[in-house]
Amino acid sequence: GNIICAGLSCLDLQLVGCTQSGSEEAIERYDEAVHCAGGSASMTGTTLALLLRPSDENEPREEEVHVLTKIGPDFAGSTLLEFYRRAGASTNLVLTDEAARTSMAVL
């Protein structure tokens, strides 16, 4: 069967080991920056694709997980596409809007 995960997608940037200076929103330094797929479509689609992945990679998938979202032609968009592919989710329904920028959240 087919599963479609539709909704928002954004690239989450997690700053690990942050030190704050002054206000809670001011970051003085961080140890590492980690990118993750964020947003409802990204998180649900990649999680389902990983959970439904056959234990033997030579076995066919019983369910195909599709991500339906819109991205821009930028670093964040191409990084999200790579996350989807590595998880085993189909990117056939991902719309790339040449005039848009992919959302990004700093956590």
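What counts and what doesn't
Residues numbered from 1 in each chain as written. Predicted model: local features only at pLDDT ≥ 70, side-chain atom pairs only at ≥ 80, totals over all residues. Heavy atoms only, no water. Helix = DSSP H or I, 4+ residues; strand = E, 2+ residues; numbered from the N terminus. Contact = heavy atoms within 4.5 Å. Patch = residues over 30% accessible without salt bridge, like charges linked within 9 Å, V, L, I, M, F, W, Y side chains within 5 Å. Areas by Shrake-Rupley, 256 points an atom, 1.4 Å probe, with all protein chains shown as cover. Salt bridge = Lys/Arg side-chain N within 4 Å of Asp/Glu carboxyl O. Lys, Arg positive; Asp, Glu negative; His and termini not counted. Charge placed at Lys NZ, Arg CZ, Asp CG, Glu CD. Buried < 20%, exposed > 50% of the residue type's maximum accessible area, 1.4 Å probe, protein only. Pairing = 2+ DSSP bridges. Axes fitted to C-alpha atoms, helices over the stretch in contact; angles between N-to-C directions. Core = buried A, V, L, I, M, F, W, Y, C linked by side-chain atoms within 4.5 Å.

Chemist: Teacher, can you tell me more about the side chain of H66 here?
Modeler: For H66, the location among the structural elements is in strand β6 (residues 64–68). Among residues more than four places away in sequence, those in contact with H66 are N2, I3, I4, C5, S90 and L93.

Chemist: What exactly am I supposed to notice about a negative patch on the surface here?
Modeler: Judged by side-chain charge, D56, E57, E59 and E62 come together as a negatively charged surface patch. In this fold, E62 is placed in the loop between α1 (40–51) and β6.

Chemist: Can you walk me through the pattern of salt bridges in this structure?
Modeler: For the structure on display, the rule yields 2 salt bridges. As a salt-bridge pair, D31 and R29 come within 2.8 Å of each other at their nearest N and O atoms. A residue is classified by how much of its surface remains accessible, and D31, at 57% relative accessible area, is exposed. Notably, a salt bridge pairs D97 with K70, separated by 3.4 Å at the nearest N-O pair. With D97 in the loop between β8 (95–96) and β9 (103–106) and K70 in strand β7 (residues 70–71), the pair connects residues that are 27 residues apart, well separated along the chain. Taking the relative accessible area as the measure of exposure, D97 reaches 26% and is therefore partly exposed.

Chemist: What is the right way to look at the sheet that holds strand β5 (residues 32–38) in this model?
Modeler: Note: strands within a sheet are paired through backbone hydrogen bonds, in either parallel or antiparallel orientation. One open sheet accounts for 3 strands, arranged β5-β2-β9; its pairing is mixed. Edge strands, defined here as strands with exactly one partner in the open sheet, are β5 and β9. Averaged over all adjacent pairs, the angle separating strand axes in this sheet is 25°, with direction ignored. Sheet topology places strand β2 (residues 10–16) next to β5; 7 bridges connect them, and they run antiparallel. Note that in β5 the partner of C10 across the bridge is G38.

Chemist: Would you mind going over the pairing of β2 with me for this structure?
Modeler: Looking along a regular strand, one sees the side chains alternate between the two faces of the sheet. The buried fraction of β2 amounts to 5 of the 7 residues, a majority that puts the element mostly inside the structure. Pairing between β2 and β9: 4 bridges, direction parallel. Within the sheet, the bridge partner assigned to L11 lies in β9 and is M104.

Chemist: Explanation requested: the nonpolar core in the structure shown.
Modeler: Soluble globular proteins tend to pack their nonpolar side chains together in the buried interior. By size, the foremost hydrophobic cluster in this structure holds 16 residues, and its most contacted members are V67, L80, Y84, A89 and V94. Listed by contribution, the elements that provide at least two residues to this core are α1, β6 and α2 (75–87). A per-element tally of this core places α2 first, with 6 residues. Those residues in contact with Y84, other than ones at most four positions away along the chain, are S9, S42, T46, V67, T69, A89, T91 and V94.

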